[in-house]
Amino acid sequence: MPSLEGKIRYGVVGAGWISQGAFMPGIGQTTNSIMTAVVTGDPEKARGLGTRYGLDGYSYDEYDRMLKSGTVDAVYIATPNFRHREFAEPALKAGIHVLLEKPMASSVEDAEAIAAAARASGAKLMVAYRLHCEPGTLAVVEAVRKGEIGTPRFFTSTFSQVVRASNHRATSGYWAGPVPDMGTYPINAVRNLFEAEPIEAMAFASKTGRELGCDDTVSVILRFTEGRQASFTLSYSADNIDRFHIVGSEGLIEASPAFGFGEGTSIDFRLTRDGKTEERKAPVVDHFGGETEYFSDCILGGREPEPDGEEGVLDMVVLEAIERAIETGAPQRLDPRSRSRRIAPEQRRELPLAKVPDFVNTEVPME
Ligand SMILES: NC(=O)c1ccc[n+]([C@@H]2O[C@H](COP(=O)([O-])OP(=O)(O)OC[C@H]3O[C@@H](n4cnc5c(N)ncnc54)[C@H](OP(=O)(O)O)[C@@H]3O)[C@@H](O)[C@H]2O)c1
């Protein structure tokens, strides 16, 4: 039951950096979505954001009351990864649609439970893979599908930033660390560019003197069928870089930035073939408004979103294999799996970028 104007009404769960800096302003760019509630552990945020956006404030203990309030059709969940299932599962069981931040959870078991709750109730679940609606990413996917680089052979990526030692990302072990937090991007990108699931994973992890509660820097190699490979390095303790190359039998694509968002960031890419390089520009868009517009369209039109529970679980399976590879030092075989859907051109959304507002009681997790 959408609002009187036919818009999907969202409750925001967890009012940290990404909620305040990206989702909340982004929703104002959409034509089909509004916010009605915020769930937060901080009464000051409840007051400040409540006044700014006209939201009802709830504490985490009052979550069930919000779900039953009749004022929300969907929730956007942006708590730390280890608190995703706690909020996603009850919402889905209550028939409330869920836009769930990536990675889906902090174990495959939790992710599968979330996906099962969506299947059981029929409420829609989308993992917030904002790049699945972003024009530059979709243009790379199309170029590879059209064979512009020949047959894809390998993918390589680097993604790093200096994360504050005090943020939950750096205090809560592997499942908050650089692999689930940042590695989800190259994993998801290569699965969609190869249109295949990896069959083996190997990884090396190291710590610096920063004494984080997780490994600082991790390098991963994934093996796919048909001789294809992917490798990527992720770090919480190195300067900003955000890029990938996909190299095929007859050409290559390089994107940098490849995974970022915000002011001045567009996912442009360079395609090289026969020794000639062509720059393909993408617009600067609001990734969060775009994914929300797409999800609300799916809810209003009775369609299943493409980045659904299955998509999220497939990334989680790879993340768990990487964890085992780090722990054992041995390559990890993955059972053969396949994906029934892939990114489609109609997911493209091109909404103008919203301005980032002043934060209420929160800080950017990166130094
Ligand atoms: N799609 C993307 O581009 C993107 C980018 C960044 C992050 N994310 C994802 O979004 C989620 C949140 O990330 P973030 O950067 O917003 O993190 P953050 O700034 O640290 O905020 C997380 C918020 O979660 C709430 N929270 C509830 N329990 C908590 C606990 N035990 N410890 C710490 N915080 C707790 C807090 O909000 P209250 O004070 O309101 O309770 C906190 O401000 C993560 O799953 C992350 O992977 C996605």
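Rules used in this analysis
- Residues numbered from 1 in each chain as written.
- Predicted model: local features only at pLDDT ≥ 70, side-chain atom pairs only at ≥ 80, totals over all residues.
- Heavy atoms only, no water.
- Near = heavy atom within 4 Å.
- Polar contact = N/O pair within 3.5 Å; in protein donor to acceptor, adjacent residues only side chain to side chain.
- Areas by Shrake-Rupley, 256 points an atom, 1.4 Å probe, with all protein chains shown as cover.
- Helix = DSSP H or I, 4+ residues; strand = E, 2+ residues; numbered from the N terminus.
- Buried < 20%, exposed > 50% of the residue type's maximum accessible area, 1.4 Å probe, protein only.
- Domains from an automatic or database assignment.
- Contact = heavy atoms within 4.5 Å.
- Buried area = accessible area lost by both parts, 1.4 Å probe.
- Salt bridge = Lys/Arg side-chain N within 4 Å of Asp/Glu carboxyl O.
- Pairing = 2+ DSSP bridges.
- Axes fitted to C-alpha atoms, helices over the stretch in contact; angles between N-to-C directions.
- Core = buried A, V, L, I, M, F, W, Y, C linked by side-chain atoms within 4.5 Å.

**Observations regarding the site of the ligand**
No. 1: Close contacts around the ligand come from 29 residues, with Thr40, Lys45, Tyr60, Asn81 and Arg130 the closest.
No. 2: Contact between the ligand and isoleucine 18: an oxygen atom at 3.0 Å from a main-chain N or O atom of the residue.
No. 3: Between the ligand and lysine 45 there is a distance of 2.6 Å, counted from an oxygen atom to a side-chain nitrogen or oxygen.
No. 4: Burial of the ligand by the protein amounts to 85% of the accessible area it has alone, namely 890 Å².

**Re the side chain of serine 235**
No. 1: Of note, serine 235 is situated in strand 10 (residues 229-235).
No. 2: Among the residues examined, serine 235 registers a relative accessible area of 3% and is labelled buried.
No. 3: Side-chain polar atoms of serine 235 contact the backbone oxygen of aspartate 216, separated by 3.5 Å.

**Digging into the environment of lysine 281**
No. 1: Within the secondary structure, lysine 281 is located in the loop between strand 14 (276-280) and helix 8 (287-301).
No. 2: The exposure class of lysine 281 is exposed, given its relative accessible area of 65%.
No. 3: Residues lysine 281 and proline 135, 146 residues apart in the sequence, show an inter-C-alpha distance of 9.6 Å.

**Comments concerning the domain arrangement of the protein chain**
No. 1: Splitting the protein chain by domain gives domain 1 (1-133 + 285-307 + 343-367) and domain 2 (135-283).
No. 2: A C-alpha centroid distance of 25 Å is found between domain 1 and domain 2.
No. 3: Across the boundary between the two partners, domain 1 contributes 31 residues, which contact 32 residues of domain 2.
No. 4: Here domain 1 and domain 2 share an interface that buries about 2,800 Å² over both sides, 60% of which is from carbon and sulfur atoms.
No. 5: In this assembly, domain 1 and domain 2 are joined by 3 salt bridges.

**Considering the pairing of strand 12 (residues 251-255)**
Regular strands show a simple pattern: their side chains alternate between the two faces of the sheet.
No. 1: Taking burial as the measure, the 5 residues of strand 12 include 4 buried ones, the bulk of the element.
No. 2: Taken together, the 4 bridges between strand 11 (residues 237-248) and strand 12 define a ladder with antiparallel strand orientation. Bridge assignment links histidine 245 to a residue of strand 12, and that residue is glutamate 254.
No. 3: Remark: 2 residues form the turn of the hairpin made by strand 11 and strand 12, two consecutive strands paired antiparallel.
No. 4: Bridging between strand 12 and strand 13 (residues 269-273) involves 5 bridges; their strand directions are antiparallel. Each bridged residue has a counterpart across the sheet, and for alanine 255 the counterpart in strand 13 is phenylalanine 269.

**Some words on the sheet that holds strand 12**
Sheet strands associate in pairs through backbone hydrogen bonding, adopting either a parallel or an antiparallel arrangement.
No. 1: Reading across the sheet, the 9 strands line up as 14-13-12-11-7-10-9-8-15 and stay open at both edges, with mixed pairing between neighbours. Edge positions in the open sheet fall to strand 14 and strand 15 (332-333), since each of these has one partner strand only.
No. 2: Along the sheet face, helix 9 (residues 309-328) touches strand 8 (200-206), strand 9 (217-223), strand 10 and strand 15 and points at about 55° away from the line of strand 8.

**Considerations on the pattern of salt bridges**
No. 1: Counting across every chain of the model gives 37 salt bridges.
No. 2: When the shortest N-O distance is used, the salt bridge between glutamate 304 and lysine 124 registers 3.0 Å. Placement of glutamate 304 in the loop between helix 8 and helix 9 and of lysine 124 in the loop between helix 5 (108-121) and strand 6 (125-127) is noted, with a sequence separation of 180 residues between them.
No. 3: Across the salt bridge formed by aspartate 308 and arginine 339, the nearest N and O atoms sit 3.2 Å from each other. Taken together, the positions of aspartate 308 in the loop between helix 8 and helix 9 and arginine 339 in the segment after strand 15 put the pair 31 residues apart, joining distant regions of the chain.
No. 4: A relative accessible area of 16% places aspartate 308 in the buried class.
No. 5: Ionic contacts of the salt-bridge type, sharing partners, join the residues Arg191, Glu197, Glu306, Asp308, Glu310, Glu311, Asp315, Arg339 and Arg342 into one network.

**Details of the nonpolar core**
No. 1: Tyr63, Val75, Met104 and Ile322 are the most contacted members of the largest nonpolar core, which has 83 residues in total.
No. 2: Excluding its chain neighbours within four sequence positions, the residues that come into contact with tyrosine 63 are Val13, Val39, Val75, Ile77, Phe87, Pro90 and Ala91.

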